[in-house]
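Analysis of the macromolecular model
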Amino acid sequence: MEESATTQHWFLRKYEDDTIFGPLSFELLARWASGAQVAPHDTVSTDRQTWIKAPMLPELGMDWLVEITSEHYYGPTTLGAVQEFIRLGEINEETFVINACDGTRRQISEMSALLQSARENEPATTGISIDVRDRIRDLQQSLREERRALEDAEQRYAELERKYLQLLEQRR
């Protein structure tokens, strides 16, 4: 029987410097995500071999995008991280957030108070960065990932086409 995400121990790898934290209980990892210590490009793993981007782990609740400008968003992140960004003065109650699960967009002022947890011996809070170098690095990483996915799809297509042609030859 496969363990659920909440009962496993996790490792967190920070995108900026590849620092690895762990093993961590899921409860601690979730608390860090809620406190803005887990950024959208950070990765998590249970075995230090297979890593996934933190927002891809649904149990973390990184379901929110912060609308920095009409063309720039931060996230996905947690509601707790949104609270932390308010506390740090990086956004305010007039900032819009989008729920990535259902597409709703609303101002923070329309949302209920968010919980904050105490932190000690944890990774530093990740601020919202719209530094051009960070944005370029993010876009380059996304481009590499998209190119890798395209290459995989092209290889799979070529393999399927070869099999298809073989089947056609067998019918003749």
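Structure shown above.
A few points about the sheet that holds strand E6 (residues 73-77)
The antiparallel open sheet is built from four strands, whose spatial order is E6-E5-E7-E8. A strand with exactly one partner marks an edge of an open sheet, and here the two such strands are E6 and strand E8 (105-107). On average, each strand axis in the sheet is inclined to that of its neighbour by 25°, with strand direction left out of account. The sheet contact formed by strand E5 (residues 64-67) and E6 spans three bridges and is antiparallel. Bridging across to E6, Trp 64 finds its partner in Thr 77. Against the sheet, helix H2 (residues 79-87) touches E5, E6 and strand E7 (96-99), its axis set at about 135° to E6.

Concerning the pattern of salt bridges
A complete count under the given rule lists seven salt bridges for this structure. For Arg 105, the salt bridge goes to Glu 67, with nearest N and O atoms at 2.9 Å. Pair noted here: Arg 105 is in strand E8 and Glu 67 is in strand E5, with a separation of 38 residues, a long-range link. In this structure, Glu 84 and Arg 87 form a salt bridge, with 2.5 Å as the shortest nitrogen-oxygen distance. Of this pair, Glu 84 and Arg 87 both sit in helix H2, three residues apart, which is roughly one turn of the helix.

With respect to the packing of aromatic side chains
Going through the model one piece at a time under the given rule, you end up with two aromatic pairs. Each ring, one from Tyr 74 and one from Phe 85, has its centre 5.3 Å from the other, and the planes form 90°; the classification is edge-to-face. With Tyr 74 in strand E6 and Phe 85 in helix H2, the pair connects residues that are 11 residues apart, well separated along the chain. Assigned by exposure class, Tyr 74 and Phe 85 land together as buried. Residue placement shows Arg 13 over the ring face of Trp 51; its charged tip is 4.2 Å from the ring centre.

Examining the sheet that holds strand E1 (residues 9-13)
Sheet strands associate in pairs through backbone hydrogen bonding, adopting either a parallel or an antiparallel arrangement. Across the sheet, which stays open at both edges, the four strands sit in the order E2-E1-E3-E4 with antiparallel pairing between neighbours. Whereas interior strands pair on both sides, the edge strands pair on one side only; in this sheet they are strand E2 (20-25) and strand E4 (52-53). With three bridges connecting them, E1 and strand E3 (residues 43-45) associate as antiparallel partners. Across the sheet, Leu 12 pairs through a bridge with Val 44, a residue of E3. Its contacts with the sheet place helix H1 (residues 26-34) against E1, E2 and E3, and it is angled at close to 120° to E2.

Reading guide: rules and limits
Counting from 1, residues in each chain are numbered in the order their sequence is written. With the structure being a predicted model, the display of local features is reserved for residues of pLDDT at least 70 and the display and counting of side-chain atom pairs for 80 or more, all residues being used for whole-chain, interface and lining totals. In computing side-chain values, all of the structure's heavy atoms are included and hydrogens and water are not. When DSSP finds at least two bridges between two strands, those strands are taken to pair. What counts as a helix is a DSSP run of H or I of at least four residues, what counts as a strand is a run of E of at least two, and both are numbered from the N terminus. Where helices are involved, their axes are fitted lines through C-alpha atoms of the stretch in contact, as for all axes, and angles between N-to-C directions lie from 0 to 180°. Only heavy atoms matter for contacts: two residues are in contact if any of them lie within 4.5 Å across the pair. Note on definitions: salt bridges are taken to be side-chain nitrogens of Lys or Arg within 4 Å of carboxyl oxygens of Asp or Glu. Within 6.5 Å between ring centres, the rings of Phe, Tyr and Trp (the latter by its six-membered ring) count as paired, and their orientation is classed by plane angle as stacked under 30 degrees, edge-to-face over 60, tilted in between. Working definition: with a 1.4 Å probe on protein chains only, accessible area under 20% of the residue-type maximum means buried, over 50% means exposed, and in between means partly exposed. Two conditions define a charge sitting above a ring: the NZ of Lys or the CZ of Arg must be within 6 Å of the ring centre, and it must be within 35 degrees of the ring normal.

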